[in-house]
Amino acid sequence: MTALEAITILIKEKKMSRQIPHCAMLEDVTRLCTLPAPELREELKKLKKEGVIALKQTINSWSIYLLK
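A.B. asks: Is there a simple way to think about the overall build of the protein in this case?
C.D. replies: Within the protein one finds 3 helices and 3 strands. Listing each helix as α and each strand as β along the protein from the N terminus yields α-β-α-α-β-β. The C-alpha radius of gyration of the protein comes to 11 Å, within 12% of the 11 Å expected for a compact globule of 68 residues. If you line up the protein on its principal axes, its C-alpha atoms span 30 × 25 × 20 Å. Residues counted as buried form 26% of the 68 residues belonging to the protein.

And the structure:
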């Protein structure tokens, strides 16, 4: 599973269960995604640069929001 697919699934699950905010946590994306950690980081950087996602730092991790 790609990073974008994992993010989309996690956000969709949150919307269905009416949990706010509608974002994916980095740990959950890492757990679902089949890419090794260095490749996942590069994929997230690429998605952010393309304007597909936004990354926001939380107290302990990162949250990922879909922009498109």
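A.B. asks: Before we go on, may I ask you to explain the packing of aromatic side chains in this structure?
C.D. replies: Aromatic ring pairs: the centre-centre distance and the angle between the two ring planes describe each pair. This model, assessed by the stated rule, comprises 0 aromatic pairs. Directly above the aromatic system of Tyr65 lies the positively charged group of Lys56, at a separation of 5.3 Å from the ring centroid.

A.B. asks: Explain the environment of Tyr65 to me, please; I cannot follow it from the model alone.
C.D. replies: By the element assignment, Tyr65 lies in strand S3 (residues 62-66). For Tyr65, a relative accessible area of 22% puts it in the partly exposed group. Each residue touching Tyr65, except ones within four places of it in the same chain, is listed here: Ile11, Pro21, His22, Cys23, Val52, Ile53, Ala54 and Lys56.

Rules behind the numbers
- Residues numbered from 1 in each chain as written.
- Predicted model: local features only at pLDDT ≥ 70, side-chain atom pairs only at ≥ 80, totals over all residues.
- Heavy atoms only, no water.
- Helix = DSSP H or I, 4+ residues; strand = E, 2+ residues; numbered from the N terminus.
- Rg over C-alpha atoms; globule rule 2.2 N^0.38 Å.
- Buried < 20%, exposed > 50% of the residue type's maximum accessible area, 1.4 Å probe, protein only.
- Phe/Tyr/Trp six-rings, centres within 6.5 Å; stacked < 30°, edge-to-face > 60°.
- Lys NZ or Arg CZ within 6 Å of the ring centre and 35° of its normal.
- Contact = heavy atoms within 4.5 Å.

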